[in-house]
Amino acid sequence: MGEIPVIKAALLGAGTVGGGVYEILKRQWEEMPKKLGAFVEIKKILVRDKGKKREGMDSAQFTEEWKEILEDPEIQIVIELMGGIEPARTYLLEALQAGKHVVTANKDLLADYGRELLDMAAEHSCDLMFEAAVAGGIPIIRPLKQCLAANYITEVMGIVNGTTNYILTRMTLDKMEFSDALALALELGYAEADPTADVEGYDAGRKVAIMASIAFNSRVTFGDVFTEGITKITAADIAYADELNMVIKLLGVARNAEDGIEAGVYPMLIPKYHPLASVQDAFNAVFVHGDAVDDAMFLGRGAGRYPTASAVAGDIFEAVRNIQAGSTGRLGCTCYKNLRVKPADETSHCYFLRLQVEDRPGVLAGIASVFGNNNVSIAQVIQKNKRGELAELAVITERVLERHFKDSLLVLGEMSMIKEVSTILRVYA
Ligand code: NAP
Ligand code: HSE
């Protein structure tokens, strides 16, 4: 056996995930020749502050100069774990232009600039891999691109944000209010210091854009995805869900309908018997429906140092194998269709509406006629919790056009008999 080749790589970022990747590559060193026919070694690490102490990492490898990596001909793989749009976008375009292969976990970048990066990779026969960008450690990108490639996929749906799933789990199991559950998520390091992207559904929206693009072979960007977060969910909503034998989950949903793609993120009432209802804490799960495979579900840890680093390292190994086999750039952009993405108004859902109304004859009939006049069919009405002059009404609709439901809300909002619209949620159907 000849000398085992050593493929050199550079890390951009040595934070939570970058540090995890560094460790995993060290742990796997002995296994590499058998798995890959080569070693893969981190030669340089780009950081903002190279003076900062980073446990277990060799400070001699740190640089604050991107050019040192870009202009190093030995470095064949660039592993981007800095996050954000710039300078990551520019660095990755430059790396691909220089013929370097790229592995990244950057969903923000891919959800908006995926096409540009994949085009650049194709132009230079480079690999661009991003398994960790969606659902952390769960393999979903490669299954969609490869294992399920022979399917016509009609739906991809799941829990793709660990922070919000943790918050909703605490609200459900421990009867916490949103603010207390968020505080706990921050304390435990699940939520970032600025949790906006998680709790408003933007993080999940970016993941939906990436998954939908691959599943439906047509580009979907973050701007195409409707997003609604969980900040308005209260303990009362959770209790109501429980009475209905349901739970509330923040779901990312992408459907490939005949008249266009639907892509959205919203809190949804789902029955307790549904497999996604039992996905607790920071776990993620993704459901895929294809014409051949039928239903498939992927479950695991959607974030965290090692789960995310596991997906990144898997991509690095794949790039090394491709380099060894001379087959880089083999699996590029798979968006060969140009399907329309429907605006949210054209999508249809079942809705749950909780209202505080005057407790007198004619109120229910008035509300029912507003829905009827706007083509909204009612499936169920529950009246309870009388509070003095007020009664609480919960209405569940059949599947109706979002536009029709919103028209009804405009009229209901003007009616003096309705004192408060407490909650509006979509219902799984
Ligand atoms: P992090 O802990 O904040 O680490 C970011 C690293 O990038 C730091 O080492 C930082 O350097 C470096 N960096 C940032 N901007 C830089 C710049 N302009 N120039 C040079 N270095 C720069 O972030 P992370 O949690 O590891 O996340 C990294 C990526 O993985 C993001 O795209 C994130 O969305 C994605 N991701 C993370 C998770 C997770 O669980 N954390 C899960 C899935 C995907 P300094 O150390 O000098 O500040
Ligand atoms: N903030 C994300 C989550 C992890 O809570 O799932 C990074 O994608």
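Asker: How do you make sense of the site of ligand 2 when you look at a structure like this?
Answerer: Surveying the vicinity of ligand 2 reveals the residues Lys107, Asn161, Gly162, Thr163, Asp198, Asp203, Lys207 and Ala303. At a separation of 2.9 Å, a nitrogen atom of ligand 2 approaches a polar side-chain atom of Asp198. For ligand 2, whose free accessible area comes to 260 Å², the fraction covered by protein is 85%. Those elements that place two or more of their residues in the shell around ligand 2 are α7 (162-173) and α10 (202-216).

Asker: Is there a simple way to think about the domain arrangement of the protein in this case?
Answerer: How big an interface is tends to be expressed through the accessible area that disappears when the partners come together. Along its sequence, the protein is organised into domain 1 (6-136 + 305-325), domain 2 (141-300) and domain 3 (344-427). Between the C-alpha centres of domain 2 and domain 3 the distance comes to 25 Å. Listed as interface residues are 17 residues of domain 2 and, on the opposing side, 18 residues of domain 3. Each partner contributes to the roughly 1,500 Å² buried at the junction of domain 2 and domain 3, and carbon and sulfur atoms together form 60% of this total. Taken together, the links from domain 2 to domain 3 amount to two salt bridges. Joining domain 2 to domain 3, the criterion identifies four residue pairs in polar contact (both at pLDDT 80 or more). Of all the secondary structure elements, the ones that give two or more residues to the side of domain 2 that touches domain 3 are α11 (235-243), β9 (246-257) and β10 (260-271). The element best represented in the side of domain 2 that touches domain 3 is β10, accounting for five residues. Here the residues of the side of domain 2 that touches domain 3 sort into 11 nonpolar, one polar and five charged.

Asker: Would you explain the packing of aromatic side chains in this entry?
Answerer: Aromatic rings in a pair are described by how distant their centres are and how their planes are angled relative to each other. Enumeration according to the criterion identifies eight aromatic pairs in this entry. Where Phe371 meets Phe405, the ring centres are 6.3 Å apart and the plane angle is 10°; that geometry is what we call stacked. Taken together, the residues span a long stretch of sequence, with Phe371 in helix α13 (residues 363-373) and Phe405 in helix α14 (residues 402-413) at a distance of 34 residues. Considered together, Phe371 and Phe405 belong to a single accessibility category, that of buried residues. Each member of the aromatic cluster is reached from another via a ring pair, and the members are Tyr351, Phe371 and Phe405.

Criteria and thresholds
- Residues numbered from 1 in each chain as written.
- Chains lettered and ligands numbered in written order.
- Predicted model: local features only at pLDDT ≥ 70, side-chain atom pairs only at ≥ 80, totals over all residues.
- Heavy atoms only, no water.
- Near = heavy atom within 4 Å.
- Polar contact = N/O pair within 3.5 Å; in protein donor to acceptor, adjacent residues only side chain to side chain.
- Areas by Shrake-Rupley, 256 points an atom, 1.4 Å probe, with all protein chains shown as cover.
- Helix = DSSP H or I, 4+ residues; strand = E, 2+ residues; numbered from the N terminus.
- Domains from an automatic or database assignment.
- Contact = heavy atoms within 4.5 Å.
- Buried area = accessible area lost by both parts, 1.4 Å probe.
- Salt bridge = Lys/Arg side-chain N within 4 Å of Asp/Glu carboxyl O.
- Nonpolar A, V, L, I, M, F, W, Y, C, P; charged D, E, K, R; others polar.
- Phe/Tyr/Trp six-rings, centres within 6.5 Å; stacked < 30°, edge-to-face > 60°.
- Buried < 20%, exposed > 50% of the residue type's maximum accessible area, 1.4 Å probe, protein only.

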